[in-house]
Amino acid sequence: MASRSDKRGPSYSQLEDGTKKAEPLAHQGAPEIQPYGKIARLPIALDEKVCAASAENLNQILADTMTLRDLYKKHHWQVAGRTFYQLHLLFDKHHGEQDELVDTIAERIQSLGGISLAMAADIAETTIIPRPPRGREEPPVQISRLLEAHEIILKEARTMARQAAEAGDDGTNDLLVSDVIRTNELQTWFIAEHLVDVPLVRADKAKSASAGR
Ligand SMILES: [Fe+2]
């Protein structure tokens, strides 16, 4: 152990000084700098009312997209049955794509001078997607739930895209059409095809032909 006279080791006073200088200023508090629902105007040549309307719409889409994203992860973990592996992978792929959408939507809200929702409790209060049970469900029920959530988002996104276009908010319109609508339509196709009741090995036609022999 270093003595007080040993210049290579730290002295007691050096330790005390070092502690003070390096100590993080934790436990700070202050009022919010921007209340939720208010616009902090940015020089983007858009009227404040237009920004506020788009931010409010996008927060609804954000809450529903975060809920759908989490629904995909729930199903990724809880899926069961003969198609476990492919659905396990597909659900996680869609979860990742929805997560990218979440970031795009949230940052668009901030770009408009608004405040994006973020925390689970606020999302739960805002989303209009029905809450699933905590337990496991069969794959057709999981997929039906996902299809319903996709359709809720597609319906509101189309309405909101038109509102944004009419108000002159082309950026929000583009995000809703190019990102939200296209992604949700494509994912709907990929999961809806799993509910088409076709034979896996023997075609219906061959079955009926051989039965007649
Ligand atoms: Fe995983």
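Everything in this summary refers to the structure shown in the same document. (Residues numbered from 1 in each chain as written. Predicted model: local features only at pLDDT ≥ 70, side-chain atom pairs only at ≥ 80, totals over all residues. Heavy atoms only, no water.)

**A look at the packing of aromatic side chains**
For any pair of aromatic rings, geometry is given as the distance between the ring centres together with the angle between the planes. Put simply, the rule reads: Between the rings of Phe, Tyr and Trp (Trp by its six-membered ring), a pair exists once the centres lie within 6.5 Å; its type follows the angle of the planes, with under 30 degrees stacked, over 60 edge-to-face, and the other angles tilted. Secondary structure follows DSSP: runs of H or I at least 4 residues long count as helices, runs of E at least 2 residues long count as strands, and numbering of each begins at the N terminus. Accessible area is worked out with a 1.4 Å probe on protein chains only. A residue is then buried under 20% of its type maximum, exposed over 50%, and partly exposed in between. Lysine NZ or arginine CZ positioned within 6 Å of the ring centre and within 35 degrees of the ring normal marks a charge as sitting over the ring.
Counting across every chain of the model gives two aromatic pairs. A ring pair is formed by Tyr72 and Phe91, whose centres lie 6.0 Å apart and whose planes are at 55 degrees; its orientation type is tilted. Residue Tyr72 is found in helix α2 (residues 48-78), and its partner Phe91 is found in helix α3 (residues 84-111); the two are separated by 19 residues along the sequence. Judged by its relative accessible area of 0%, Tyr72 falls in the buried class. Ring centres of Trp189 and Phe190 lie 5.2 Å apart, and the angle between their planes is 80 degrees; on these two criteria the pair is classed as edge-to-face. One Lys or Arg, Lys93, reaches over the ring of Phe190 and ends 5.9 Å from the middle of that ring.

**A short note on α2**
Quick note on the threshold: To estimate how far a helix should reach, multiply one less than its number of residues by 1.5 Å.
The terminal C-alpha atoms of α2, which comprises 31 residues, lie 44 Å apart, in line with the 45 Å expected from a rise of 1.5 Å per residue. For α2, the buried fraction is high: 22 of the 31 residues fall into the buried class.

**Considerations on the nonpolar core**
Convention followed: As used in this record, nonpolar core signifies buried Ala, Val, Leu, Ile, Met, Phe, Trp, Tyr and Cys residues forming a set joined through side-chain atoms within 4.5 Å. Contacts were defined at the residue level, with two residues in contact if any of their heavy atoms lie within 4.5 Å.
One finds Leu62, Phe91, Ile105, Leu176 and Val180 to be the most contacted residues of the largest nonpolar core, which totals 40 residues. Mapped by element, the contributors of at least two residues to this core are α2, α3, α5 (139-167) and α6 (170-192). Each residue touching Leu176, except ones within four places of it in the same chain, is listed here: Leu58, Ile61, Ala157, Met160, Ala161 and Ile181.

**So, the packing of α3 against α6**
Basically, it comes down to this: Fitting a line to C-alpha atoms yields each axis, with helices limited to the stretch in contact; the angle taken between N-to-C directions then spans 0 to 180 degrees. Roughly parallel means an angle under 35 degrees; roughly antiparallel, over 145; roughly perpendicular, 65 to 115; everything else is oblique. Only Asp, Glu, Lys and Arg are considered charged, only Ala, Val, Leu, Ile, Met, Phe, Trp, Tyr, Cys and Pro nonpolar, and every remaining residue, Gly among them, polar.
The interhelical angle for the contact between α3 and α6, taken along N-to-C directions, is 170 degrees, at an axis separation of 11 Å. As summarised for this structure, α3 and α6 are arranged roughly antiparallel, according to the angle between their axes. On α6, the residues that touch Leu90, Phe91, His94, Glu97, Gln98, Leu101, Thr104, Ile105 and Arg108 of α3 are Gly171, Thr172, Leu175, Asp179, Val180, Thr183, Asn184, Gln187, Phe190 and Ile191. Each residue belonging to the contact of α3 with α6 can be placed in one class, and the counts come to eight nonpolar, eight polar and three charged.

**Focus on the side chain of His150**
Along the chain, His150 turns up in helix α5. Look past the residues within four positions of His150 in its chain and what remains in contact with it is Leu68, Tyr72, Gln98, Asn184, Gln187, Thr188 and Ile191.

**Examining the pattern of salt bridges**
Between side chains of opposite charge, a pair can form as their charged atoms come close. Worth spelling out the cut-off: By definition here, a salt bridge exists when the distance from a side-chain nitrogen of Lys or Arg to a carboxyl oxygen of Asp or Glu is within 4 Å.
Under the defined criterion, the tally for this structure stands at seven salt bridges. In this structure, Asp92 engages Lys73 in a salt bridge whose closest nitrogen and oxygen atoms are separated by 2.7 Å. Placement of Asp92 in helix α3 and of Lys73 in helix α2 is noted, with a sequence separation of 19 residues between them. Among the ionic pairs, Asp169 bridges to Arg108, the shortest N-O distance being 2.8 Å. Highlighted residues: Asp169 in the loop between α5 and α6 and Arg108 in helix α3, separated in sequence by 61 residues. Each member of the pair Asp169 and Arg108 is classed as buried.

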